[in-house]
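# Structural overview for review
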Amino acid sequence: MDILHIVGQQRLEGTVSISGSKQSAIPCLAAALLTDQTVVLEGMPEIGDVATMIEILETLGAVVTRQGDMVTIDPSRVESMPLTGAETRKLRGSIYLMSVLAARFKQGVVGLPGGYAIGPRPIDLHIKALERLGVSVRNEQGVHYMRVDRLVGNRIYLDLPSFGATISALLVAVFAEGTTVIENAAYDPEVIDVSTMLTNMGASVKGAGTDEIRIKGVSQLSGCRHTLIPDRMEAGTFLTMGAALGRVTVDNVIPLHLESVIQKLERYGALIEATDDSVTATFQEAKPVDIRVFHYGGFPSDLQPVISAALLQAKGASIVVDKLYPQRFRHVQELRRLNARITHEDASIIIRGGETLLGTEIEAPDPRGGAALVLAGLLASGETTLHHAEVLDQSYERFDQKLKELGALVWRETI
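Residues numbered from 1 in each chain as written. Predicted model: local features only at pLDDT ≥ 70, side-chain atom pairs only at ≥ 80, totals over all residues. Heavy atoms only, no water.

Assigned secondary structure in the protein consists of 13 helices and 23 strands. Here the protein, with 415 residues, has 57% of them falling under the buried criterion. Counting only carbon and sulfur atoms, one obtains 46% of the accessible surface of the protein, whose full area is about 16200 Å². Across the protein, the 39 positively charged side chains and the 50 negatively charged ones have centroids separated by 5 Å. (Helix = DSSP H or I, 4+ residues; strand = E, 2+ residues; numbered from the N terminus. Buried < 20%, exposed > 50% of the residue type's maximum accessible area, 1.4 Å probe, protein only. Areas by Shrake-Rupley, 256 points an atom, 1.4 Å probe, with all protein chains shown as cover. Lys, Arg positive; Asp, Glu negative; His and termini not counted. Charge placed at Lys NZ, Arg CZ, Asp CG, Glu CD.)

Residues L29, L34, I73 and L198 are the most contacted members of the largest nonpolar core, which totals 74 residues. Beyond its immediate sequence surroundings of up to four residues, L29 is in contact with L41, M44, V50, M53, I54, L57, V71 and I73. Among the nonpolar cores identified, the runner-up in size contains 68 residues, and V289, L357, A376 and L403 belong to it. (Core = buried A, V, L, I, M, F, W, Y, C linked by side-chain atoms within 4.5 Å. Contact = heavy atoms within 4.5 Å.)

On to the side chain of E397, then. Secondary-structure assignment places E397 in the loop between β22 (383-387) and α13 (399-405). Side-chain polar atoms of E397 contact the side chain of S19, separated by 2.7 Å. Those residues in contact with E397 that lie beyond four places of it in its chain are S19, M44, P45, E46, I47, E234 and K402. (Polar contact = N/O pair within 3.5 Å; in protein donor to acceptor, adjacent residues only side chain to side chain.)

The next point concerns the packing of aromatic side chains. All told, the structure shown has three aromatic pairs when counted by the stated rule. Plain terms: the ring middles of Y187 and Y296 are 6.2 Å apart, the flat faces sit at 80 degrees to each other, and that makes the pair edge-to-face. Taken together, the residues span a long stretch of sequence, with Y187 in the loop between β10 (179-183) and α7 (189-200) and Y296 in the loop between β17 (291-292) and α10 (304-310) at a distance of 109 residues. Residue classification places Y296 among the partly exposed residues on the basis of a relative accessible area of 21%. For the pair F238 and F399, a centre-to-centre distance of 5.5 Å together with 45 degrees between the ring planes defines the contact as tilted. In this pair, F238 sits in helix α8 (residues 232-245) while F399 sits in helix α13, placing the two residues 161 residues apart along the sequence. For the cation-ring pair, R138 lies above Y145, with the distance from its terminal atom to the ring centre recorded as 4.7 Å. Positioned above the aromatic ring of Y396, the side-chain terminus of R368 is 5.0 Å from the ring centre. (Phe/Tyr/Trp six-rings, centres within 6.5 Å; stacked < 30°, edge-to-face > 60°. Lys NZ or Arg CZ within 6 Å of the ring centre and 35° of its normal.)

All right, on to the environment of E361 then. The residue E361 is located in strand β21 (residues 361-363) in this model. Residues E361 and R292, 69 residues apart in the sequence, show an inter-C-alpha distance of 29 Å. Among the polar contacts listed, one links the side chain of E361 to the side chain of H387, at a separation of 3.3 Å.

A separate point is the state of the cysteines. Counted by the stated rule, this structure contains zero disulfides. Free of any disulfide, C224 has its nearest neighbouring cysteine sulfur in C28, separated by 8.3 Å. (Disulfide = S-S within 2.5 Å.)

For the rest of this paragraph, the subject is the pairing of strand β6 (residues 107-111). The element β6 is largely enclosed, with a buried count of four among its five residues. Taken together, the five bridges between β6 and strand β8 (residues 143-148) define a ladder with antiparallel strand orientation. Residue G108 lies in a different strand from β8, and its bridge partner there is M146. (Pairing = 2+ DSSP bridges.)

Here we come to the UniProt feature "binding site: UDP-N-acetyl-alpha-D-glucosamine" (unreviewed entry) in the protein. When the UniProt feature table is mapped onto this chain numbering, "binding site: UDP-N-acetyl-alpha-D-glucosamine" (unreviewed entry) sits at R92, R121, P122, I123, D124, L125, D302 and L324. Examined against the element boundaries, R92 turns out to sit in the loop between α3 (86-90) and α4 (96-105). R92 gets classed as partly exposed once you look at its relative accessible area, which sits at 21%. (UniProt positions renumbered as here; feature names shortened; annotations may be inferred.)

So this is what it looks like as structure tokens:
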């Protein structure tokens, strides 16, 4: 277990270079198995979830090498090995391997995907999409068996614009005969990123970034070189810290992807300045803000815990609603240990800010909740010790080192 020590009430100031997107990295690594030719992915973040996905790819026979942020995948020796070990249970994104194995090998065995308990995340939309394309899926005691006689394009209507289900459908549809239309598709930037990679590999994908994606199936894909987009969740985390604690510039970003976050931080009272590839947040005052989480275009669920921590210093009441992932409030009980006044009911919390936060011992429930607790510790007086700080490494690259570069007085120890 790692413990992160945080000395509070330190001003943050400086520039953070944002890593490649985790939400693009995982499906792009899976997509590399759709060909038998070499794939090079640049901008790959060095985080725990990526390491787990690479380990799974190697289990299947891929040869993966890494140089800095560049990962090279040789999938020529990949076989459809059963994936029922602990690795798939560590990672929600392992679900994409169901699509990849079905599309390339016409069969596969994949255990139930894992990930952090942030609320119901059923995979029925993924399975329904695969079945519409000709994949037979049988579930036996949490293990999914896929079999394909023939992949045929079809119309797929998603009951909600699920990012994961959209990606799952894409990864199969590229090999389905004829045309597939995904309706009510997710239009997150990462969907566009994965679609761009598939197009570079020879797929025909039109409409990514809208709610209707059309895919014309091809018989094979080739290798490619692809650079991941920046991680908007990491960028939003550090922007929120700057808005609450000083002046922070996030570099190597696409400001348009951060629009919903920027708007809320401006209402919070921060000064926001943007260039073509950077955004700066400067603390001016802290005002109460109501947050309602929604799919892309609205405020992201991943950043709900972090902005909740920032709202602790805004005098007055703020309401935060997250019906997408209602269990993503597990950080709230830890915030209360710091003297935060928060009422939690169902899928919402009421934050009564302005109270003095007091450093104490707290525990990180997951990466996003852990980042929120780090921000709260930086706002508190005295020292805060964050237990299980290693969970931060699943989603953030060099998180505590980047904080140090901004002037935070933090250090980590392993016990």
